[in-house]
Amino acid sequence: MGTYSLFVLGIGVALKRYMKTSADFFLAGRSIPAWVCGLAFISANLGAQEVIGMGASGAKYGISTSHFYWIGAIPAMVFVGIFMMPFYYGSRARSVPEYLRLRFDEKTRGLNAISFATMTIFSSGISMYAMAKLIQTLHILDAPLRALGLPLSASFHCNVVLSAVVVLIYIVLGGLVSAIYNEVLQFFLIVAGFLPLVFLGLKDVGGWSGIKAQLPSAYTHSWQGMGSAHTNLLGVEWFSLVMGLGFVLSFGYWCTDFLVVQRAMAADSMSAARRTPLIAALPKMVFPFLVILPGLIAVTLPIPQADLTRAGVAGTARSEVFAAGRGLIPPKINETTGLPVLDANGDAVLDYDLAIPNMLVHYFPTGMLGLGLTALLASFMSGMAGNVTAFNTVWTYDIYQAYLHRNASDRHYLWMGRMATVFGIALSVAAAYAATRFNNIMDFLQLVFAFVNAPLFATFLLGMFWKRTTGHAAFAGLLSGTAAAAIHQGLTLPAGATAGIKGGWLAVVHIYPSEMAQNFSTAIWAWSMCFLVTILVSLITKPRKETELTGLVYSLTKHPSEGHLAWHRRPAVLGVIVLALALLLNIIFW
Amino acid sequence: MGLDIRLPIGLLFSVLGLLLSGFGVFSDRAIYQRSLGLNVNLAWGIVLLVFGLIMVVFGNRRSENQHNSADGTGRSAGGQQ
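From a predicted model like this one, the values you see are computed outputs, not experimental measurements.

Calculation notes
Residues numbered from 1 in each chain as written. Chains lettered and ligands numbered in written order. Predicted model: local features only at pLDDT ≥ 70, side-chain atom pairs only at ≥ 80, totals over all residues. Heavy atoms only, no water. Helix = DSSP H or I, 4+ residues; strand = E, 2+ residues; numbered from the N terminus. Buried < 20%, exposed > 50% of the residue type's maximum accessible area, 1.4 Å probe, protein only. Contact = heavy atoms within 4.5 Å. Areas by Shrake-Rupley, 256 points an atom, 1.4 Å probe, with all protein chains shown as cover. Phe/Tyr/Trp six-rings, centres within 6.5 Å; stacked < 30°, edge-to-face > 60°. Lys NZ or Arg CZ within 6 Å of the ring centre and 35° of its normal. pLDDT = per-residue confidence, 0-100. Expected span 1.5 Å × (residues − 1). Patch = residues over 30% accessible without salt bridge, like charges linked within 9 Å, V, L, I, M, F, W, Y side chains within 5 Å. Salt bridge = Lys/Arg side-chain N within 4 Å of Asp/Glu carboxyl O. Core = buried A, V, L, I, M, F, W, Y, C linked by side-chain atoms within 4.5 Å. Axes fitted to C-alpha atoms, helices over the stretch in contact; angles between N-to-C directions. Parallel < 35°, antiparallel > 145°, perpendicular 65-115°, else oblique.

A.B. asks: I tried to follow the overall build of chain A on my own but got confused; where do I start?
C.D. replies: Broken down by element type, chain A carries 23 helices and 2 strands. Within chain A, the proportion of its 590 residues that are buried is 60%. Counted over contacts in chain A with a minimum sequence separation of 6, partners at least 24 positions apart contribute 77%. Summed over all atoms, the accessible surface of chain A reaches about 22,100 Å², with 66% contributed by carbon and sulfur.

Put into structure tokens, the structure is as follows:
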């Protein structure tokens, strides 16, 4: 871990001398080759919540979790690369909110910039919180803390401060390039840490056929039983899966979130920018095998001898507690009583988030264990760094330069970017501590962000492909979409929940079979409302002159010619290959 | 950007590979019970080392290309990934 931290800081120092203008700092000087951007593109999304969360879902829902990749990411990544990147990269925009200003108007940009900036701060804070919590649970820092004579409770604070300082140093020094380079490093680390884990796990349980033999078939099929929400583990049916996850949520994230789009905008040419998401889609497709399989293996294994696993059960009656778990997954422990938490039926609630950490501890000896934990740590840090770099760019270009201090020198904005990094991280630390105190507030904020994000893709779709769309319409569409999301959530409830943060705070008119089904429907409603309102308002407001929209709208933009490129560098060819492979995977794991 | 990403990746993985395989050679066999009797430290350490060295070699070749290219832009025809 020490070696890794030194390398991370070293990259920042080595890159500092290249940071001469704000464009170097925020856009990486548009000089990064496509494969590097591609790996950074998925790494920025691959925070540890993603790794831990997908492992947890793998244990809970089985191979159906792969829908989040094969349906919920790949098609959107192909779409952004082939159809949308020409407008992001080709227009003069330096960020996604800035594209909105060029295409629509100042208010649409302001709305997007402010909600996006707030969101990045909270996600990076939550990521920091999750990392510190996990390290505390695994007792990684206990030995050094004892040596220093500090109480074990200091572990949480040490983690928050150390990770904040490391990320701060390398971003302040090297800007976006530094973040991208570290993301690529982290990508390889994750693969290096998880590949042997999957290998050992599969060998132990007798391969895929061994898993199939020991688990109910719902765990090993991704589409079977999708006809009805009651015959599969996710609790959703195929329509809301494909429309809600595959279309609204996934396109909304991969096509409009500046956190990922920023990586592609750093590419060294238009065709490299378009290839970025397509190159990223290839490893993204295989990631389920690295992160979901360990979760599945964890539930396939028999409940281990208590002394093998240490996570989550410190200081409790171990063997009894473990008996309530499933495979390597321990039950959730009530911190005051030390007993497993029970649900309404009297069954233990399982702590699925410990699936991956417990797998690491179960299979890796000293040595490899260090590598595995470093990989996990690296993914936390780069998740944080991704948010921080997106924040400092949007803050500086779309909020500071747009509303607070116009026409300053480039040197001033470079300075501001570094300052934004410092206070962005300081705010994330504050958010991490807020998360320890007010868990409900965090849930509430995440809900609000979900409402704000759900309609976004409708605005971009209309903006890019229908020249008639107007600024007033975009703004009205976004607001009404967000309102529709909030109202839908307020009127419905997932089965088994009580009215409150889970929904139903207006009145309960419909019960969904699962929380996921409710979320997908909320997204579909928000998107449709935004789509409709934007069209209607566009028709009654005055459109902009066509000459102003060149390079911003599909029908008014000259399409880049790629006849001169070799076949493997043409975005359209790559896109078709990627989609065919994704289809193949869906069929294999049907 | 001036620094080829493959150099730091190569160096990091070479160092990690050396540390891991070195530890694998001198460690007690008993700790490999949990990894199904396989000395994963040694085996995976070697894999990482090889990967690291390949990255270093490619990273170096690219920067030599850059130095040799007359126009100094560093984007010689062979410098594509």
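That shown, we press on.
A.B. asks: What should I look at first to understand the overall build of chain B in this one?
C.D. replies: Along its length, chain B carries 2 helices and 0 strands. For chain B, the residues scored as buried account for 41% of the 81 residues in total. Sequence separation of 24 or more characterises 58% of the internal contacts of chain B that already satisfy a separation of 6 or more. With an accessible surface of roughly 4,500 Å², chain B has 64% of that area assigned to carbon and sulfur atoms.

A.B. asks: Any chance you could explain the packing of aromatic side chains here in plain terms?
C.D. replies: The description of an aromatic ring pair uses the distance of the two centres, along with the angle that the planes make with each other. Residue and element names in this part refer to chain A. Tallied over the entire structure, the rule returns 22 aromatic pairs over all chains. With 5.4 Å between their ring centres and 90° between their planes, Trp395 and Phe423 make a pair best called edge-to-face. Of this pair, Trp395 sits in helix H17 (residues 368–404) while Phe423 sits in helix H18 (residues 410–437), placing them 28 residues apart in sequence. Three or more aromatic residues link up through ring pairs in this structure, and these residues are Phe79, Phe83, Phe87, Phe251, Phe457 and Phe465. Its end group placed over the ring of Tyr397, Arg94 keeps NZ or CZ at 3.6 Å from the ring centre.

A.B. asks: Please explain the side chain of Ser127 of chain A as it appears in this structure.
C.D. replies: Residue placement: Ser127 of chain A occurs in helix H8 (residues 106–138). Leave out the neighbours within four places in its chain, and Ser127 of chain A touches Gln49, Phe380 and Met384 of chain A.

A.B. asks: Mind showing me how you'd approach the confidence of the model for chain B here?
C.D. replies: Atomic detail in the predicted coordinates should be set aside for any region of low pLDDT. Of all residues in chain B, 72% attain a pLDDT of 70 or more, and the chain-wide mean is 71. The low-confidence segment residues 69–81 of chain B (pLDDT under 50) makes 14 contacts with residues lying over four places distant or belonging to another chain.

A.B. asks: Can you walk me through helix H3 (residues 34–45) of chain A in this structure?
C.D. replies: Residue pairs spaced three or four apart in an α-helix point in one direction, given the helix's 3.6 residues per turn. Residue and element names in this part refer to chain A. Spanning 12 residues, H3 covers 17 Å between terminal C-alpha atoms, matching the ideal 16 Å at 1.5 Å per step. The buried fraction of H3 is high, at 12 of 12 residues. Buried residues of H3: Ala34, Trp35, Val36, Cys37, Gly38, Leu39, Ala40, Phe41, Ile42, Ser43, Ala44 and Asn45, and no others.

A.B. asks: What should I look at first to understand a nonpolar patch on the surface in this one?
C.D. replies: Side chains of Leu282, Trp567, Ile577, Leu581, Leu584 and Ile588 of chain A sit close together on the surface and give an oily, nonpolar patch of about 580 Å² of accessible area. Considering the arrangement of structural elements, one finds Trp567 of chain A in the loop between helix H22 (515–540) and helix H23 (571–588).

A.B. asks: Teacher, can you tell me more about the side chain of Glu98 of chain A here?
C.D. replies: Residue position: Glu98 of chain A is located in helix H7 (residues 96–103). For Glu98 of chain A, the contacting residues outside a window of four places in its chain are Arg92, Ala93, Arg109 and Asp398 of chain A.

A.B. asks: Would you mind going over the nonpolar core with me for this structure?
C.D. replies: One recurring pattern in soluble globular proteins is that nonpolar side chains are buried together. Residues and elements named next belong to chain A. Counting 179 residues, the largest nonpolar core has Met84, Tyr88, Phe287, Val291 and Phe460 as its most contacted members. It is helix H10 (residues 154–205) that provides the largest number of residues to this core, a total of 23 residues. Contact partners of Phe287, with chain neighbours within four places excluded, come to Ile42, Leu46, Tyr69, Phe187, Ile190 and Ile292.

A.B. asks: Quick question: what am I supposed to make of the environment of Pro288 of chain A here?
C.D. replies: Residues and elements named next belong to chain A. Positionally, Pro288 belongs in helix H14 (residues 270–300). For the pair Pro288 and Ile356, spaced 68 residues apart in sequence, the C-alpha separation works out to 13 Å. In contact with Pro288, other than residues within four places in its own chain, are Ser66, Tyr69, Trp70 and Leu293.

A.B. asks: For this particular structure, what's the right way to read the packing of helix H12 (residues 238–256) of chain A against helix H13 (residues 258–265) of chain A?
C.D. replies: Relative orientation and spacing of two packed helices are given, respectively, by the angle between their axes and the distance between those axes. All names here are of chain A. H13 packs onto H12 with a crossing angle of 45° between their chain directions and a minimal axis gap of 6 Å. By the angle between their axes, H12 is oblique relative to H13. In this structure, H12 contributes Tyr253, Trp254, Cys255 and Thr256 to the contact, and H13 contributes Phe258, Leu259, Val260 and Val261.

A.B. asks: What am I meant to see in the environment of Ser409 of chain A here?
C.D. replies: Residues and elements named next belong to chain A. Along the polypeptide, Ser409 turns up in the loop between H17 and H18. Classification of Ser409 by relative accessible area gives partly exposed; the value is 43%. For the pair Ser409 and Phe589, spaced 180 residues apart in the sequence, the C-alpha separation amounts to 56 Å.

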